[in-house]
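The primary structure of each chain is shown beneath.
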2 protein chains.
Amino acid sequence: MPVKSISIPNGFKVGGVRSGIHKKEGKKDLALFISETPADTAAMFTQSATKAAPVILDIEILKKNKKISAVIANSGCANACTGKKGLQDAKAMCEITEKYFNLPKKSVLCASTGVIGQYIKMPKLKTGMELLKNAIGISSKNEQEAIAAVMTTDTFAKIASKKIKVGVNGAKGEIKIWGCVKGAGMIHPNLKGLHATMLSFILTDAEIDSKNLQKLLENAAEKSFNCVSVDGDTSTNDTLILMANGQSKTGRLSSADMKKFAEALNEVCLSLAKQMAKDGEGATKLIEIEVRNAKNVSDAKAIAATIATSPLFKTAIFGADANWGRVMAAAGRAGVNFDPMKTDVYFGGVLTCKNGMALNFSESKAKKALLKKEVKIVVDLKSGKAASKYYTCDFSYDYVKINGDYRS
Amino acid sequence: MPVKSISIPNGFKVGGVRSGIHKKEGKKDLALFISETPADTAAMFTQSATKAAPVILDIEILKKNKKISAVIANSGCANACTGKKGLQDAKAMCEITEKYFNLPKKSVLCASTGVIGQYIKMPKLKTGMELLKNAIGISSKNEQEAIAAVMTTDTFAKIASKKIKVGVNGAKGEIKIWGCVKGAGMIHPNLKGLHATMLSFILTDAEIDSKNLQKLLENAAEKSFNCVSVDGDTSTNDTLILMANGQSKTGRLSSADMKKFAEALNEVCLSLAKQMAKDGEGATKLIEIEVRNAKNVSDAKAIAATIATSPLFKTAIFGADANWGRVMAAAGRAGVNFDPMKTDVYFGGVLTCKNGMALNFSESKAKKALLKKEVKIVVDLKSGKAASKYYTCDFSYDYVKINGDYRS
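This one's a predicted model, so the numbers in the text were calculated from it and none came from an experiment.

Thresholds applied
Residues numbered from 1 in each chain as written. Chains lettered and ligands numbered in written order. Predicted model: local features only at pLDDT ≥ 70, side-chain atom pairs only at ≥ 80, totals over all residues. Heavy atoms only, no water. Helix = DSSP H or I, 4+ residues; strand = E, 2+ residues; numbered from the N terminus. Buried < 20%, exposed > 50% of the residue type's maximum accessible area, 1.4 Å probe, protein only. Phe/Tyr/Trp six-rings, centres within 6.5 Å; stacked < 30°, edge-to-face > 60°. Lys NZ or Arg CZ within 6 Å of the ring centre and 35° of its normal. Pairing = 2+ DSSP bridges. Arc of directions from axis to C-beta. Contact = heavy atoms within 4.5 Å. Least-squares fit on C-alpha atoms with pLDDT ≥ 70 in both. Buried area = accessible area lost by both parts, 1.4 Å probe. Salt bridge = Lys/Arg side-chain N within 4 Å of Asp/Glu carboxyl O. Polar contact = N/O pair within 3.5 Å; in protein donor to acceptor, adjacent residues only side chain to side chain. Axes fitted to C-alpha atoms, helices over the stretch in contact; angles between N-to-C directions.

K.L.:
Mind laying out the side chain of Lys301(A), listing which residues take part and the relevant values?
P.N.:
Within the secondary structure layout, Lys301(A) lies in helix H7 (residues 297–308). What makes Lys301(A) buried here is its relative accessible area of 17%.

In structure tokens form, the structure reads like this:
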């Protein structure tokens, strides 16, 4: 008998199956995240002008109804650039789910990831639905299958979860937050603003109304998903959905507990975002870029983001080369007014550039730091008190290989 | 005896030598472009906040004097992030040139390209000066040597020249324009705004005052150097200098001749820009992206630039994959309000996407077009009359190879 997942929140079931939508033999391609009772829901979507059909549809549904019962998601086809038929297909995808699982009308959201410009094979979807009926549940196996079904070029399953005790000394019980994310390429989430095809589904059994939930989600995304870039390409399909079904039975949260919840949600989102950067297409390393002592946060973030998306910087890190000049060059073109003559740059703790000038640093120490799986770059502007972090990965031969031959 | 260059304008001499500034044995690394009489000069520089010492110095010199006698340029060291000493070195570089060639004070500009954060080896510079005395001239050999001395990862010399007849039926004689450019990586010129390390020196024997010259240069750059990207990385050293010494002896230009000159200058700049994209680091193809029928030019340019800098698009072209979905995705994140449902996309003349949707196009025809050395992508927005072109190259394994191991 499968082990019950210790992390899936009360009242949710998840699952993933092989329907045949994805062209790769045997690949799981259809996932369902379902709440036994309609859940208050918050969501963020790509800001791209070229929005995929599921994104257009979800935005429309959420305008009228924020009590959501389920999210159905597929891999293998993005259902983007598919015109009216694409929109009809997305609608049918939700309606079929409602029918098969006996859910209220307009209470299902959908999400897709995969090749742009192809239609979803609708007959396969029905096959998938039948299979999902038996495949959903609350075990670790169901959890792994659900995530596997939305993965594309991802090389590992990305999950994060947290539990928090609520009430004085935990008197009111426990709340669970569970999230997964899919995304390895076209990652530069900009959900008002995320940039990627990232699909992330976060479930919690806390009782929080959708308005507050939306605020919490936007705050969490700002410091996590919106601080990740694999290749600077924002996707047509980026979707982040947070469902809260109240099934922890802990009631409305006190402001102290709300704060705890916000922190836990931030942690879950940050963990997912970092896992996504680590699993960037072709990545050999996770890179954390911290810009410190800037005049304000937006300056710090702009510089960190520009470094994180510089191909010259990312190829240097792939080569474990402490080429701090490329960091200074990227910072320079970030559109921020700062003083290069005051700027210090650290590679993995090694000070390589002081006051904008070369230092006689230990190349071997820097090289050793850069050969690790996680690399930290710090840019200290020494001009204020604001800071920002950004997460990315290195740029390798495999990135080119994966993307020079993805569609075919 | 070397063949006289048919293209170097009257009254200019050029040359390039090996001084030893560049660490690679035998590599030419010091170039001189000199006018026998001080020339009216226009220039554009990187907009980076991290400006290299030669850029800071040139801007300062040109504030006081627009009659320039020479440009001295080196490869192998960018003289960027070098603080006060770097600025002193740049000044010394100009002053030594003035002394050795007996030129007026503050009439020499300088430019550098190479590794950031290292000082120029000044004793080598003096050796170079001695050699330059004999190496400058007006032959094709001098021309090739001058260009070779500013090249870094460039794989071929990039030159363009034009001649125009002035006066009614050419009665006033002939004007020459000659230009060269260096640049293969960190190319995304933004000279107010160019983005790259591109160094470009353009010489003409036309008689045009520096104020008009500046306007002509800015117009020409807007449609050429500012429409090129190799990797989206703007350099600390980008420099574009245009010198006009009047030695054609054709006098002030009539407005008709001025127009002819502007066209010729545009052609020279565009040719140089395209050569630079073609020689992008690791490039196997030149890609021209045209965005048509936009509401306005800035929309068209923003979309073209976003496509040109998308790693996903550029790796697809490397793989000769007509992945128009990535074009639509990149267009979508350009920050422009357009209607994807009206947009058509052509790959090498093959319509791959009509009204934002997939077409059943001939993959083999598209593949054939994408396997050529020059590839044209057209995005037709069908929403207005404005258009813009952008030039870039594909993203290959060699880009990663070159940049994962450049500094060491």
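K.L.:
Can you break down the packing of aromatic side chains residue by residue, with the values?
P.N.:
Inspection of the entire model under this criterion finds eight aromatic pairs over all chains. Ring pairs connect the aromatic residues Phe318(A), Tyr397(A), Phe318(B) and Tyr397(B), which therefore count as one cluster. If you follow Lys85(B) out to its NZ or CZ, it ends over the ring of Tyr119(B), 5.2 Å from the centre. The residue whose ring lies beneath Lys314(B) is Phe395(B), and the NZ or CZ to ring-centre distance is 5.5 Å.

K.L.:
Explain unusual backbone geometry residue by residue, including any values.
P.N.:
Residues and elements named next belong to chain A. Within the chain, Asn 102 stands out as a residue other than glycine whose phi angle is a positive 55 degrees. By the element assignment, Asn 102 lies in the loop between helix H2 (83–100) and strand E4 (108–115). Taking the relative accessible area as the measure of exposure, Asn 102 reaches 70% and is therefore exposed. Not every positive phi belongs to a glycine, and Lys 106 is a case in point at roughly 55 degrees.

K.L.:
Please set out the pairing of strand E13 (residues 350–354) of chain B residue by residue, giving values where relevant.
P.N.:
All names here are of chain B. One ladder, built from three bridges, connects strand E12 (residues 344–347) with E13; its direction is antiparallel. What sits directly across from Phe 347, in E13, is Val 350. Here E12 hands over to E13 after two residues, with Gly 348 in that stretch at a positive phi of 50 degrees. By the bridge criterion, two bridges tie E13 to strand E14 (residues 357–358) in an arrangement that is antiparallel. The residue of E14 that forms the bridge with Cys 353 is Ala 358. With antiparallel pairing between neighbouring strands as the criterion, E13 and E14 make up a hairpin whose turn holds two residues, including Asn 355 at a positive phi of roughly 50 degrees.

K.L.:
Go over helix H10 (residues 363–370) of chain A with me, naming the residues and quoting the values.
P.N.:
Residue and element names in this part refer to chain A. All buried positions along H10 are accounted for by Ala 366, Ala 369 and Leu 370. Angular distribution of buried residues about the axis of H10 spans 95 degrees; they occupy a single face of the element. Seen from the buried face of H10, the exposed residues on the opposite side, beyond 90 degrees, are Ser 364 and Lys 368. In this fold, the buried residues of H10 make contact with helix H8 (311–318), strand E12 (344–347), strand E13 (350–354) and strand E15 (374–380).

K.L.:
Lay out the relation of the copies chain B and chain A with the relevant residues and their values.
P.N.:
Once chain B has been moved 0.0 Å along the axis and rotated by 180 degrees, it coincides with chain A to within an RMSD of 0.0 Å. The superposition operator between the copies reduces to a two-fold rotation axis. Judged by C-alpha distance, Tyr397(B) is the residue of chain B that lies nearest the rotation axis, at 2.7 Å. A shared binding surface is used by both copies, with 100% of the interface residues of chain B retained as interface residues in chain A.

K.L.:
Can you break down the interface of chain B and chain A residue by residue, with the values?
P.N.:
Facing 54 residues of chain B, the contacting portion of chain A comprises 54 residues. Summed over both partners, the interface of chain B with chain A comes to about 4400 Å²; 59% of that surface belongs to carbon and sulfur atoms. Summed over the shared surface of chain B and chain A, the result is zero salt bridges. Linking chain B to chain A there are eight residue pairs in polar contact (both at pLDDT 80 or more).

K.L.:
Any details on the sheet that holds E12(A)? Residues and values, ideally.
P.N.:
All names here are of chain A. Read across the open sheet, the six strands follow the order E14-E13-E12-E15-E11-E16; overall the sheet is mixed. At either margin of the open sheet sits one strand with a lone partner, and together these are strand E14 (357–358) and strand E16 (386–393). Pairing of strand E11 (residues 286–294) with E16 involves seven bridges; the strand directions are antiparallel. Paired with Ala 294 across the bridge in E16 is Ala 386. Running over the sheet, H8 touches E11, E12, E15 and E16 and is turned about 125 degrees from E11.

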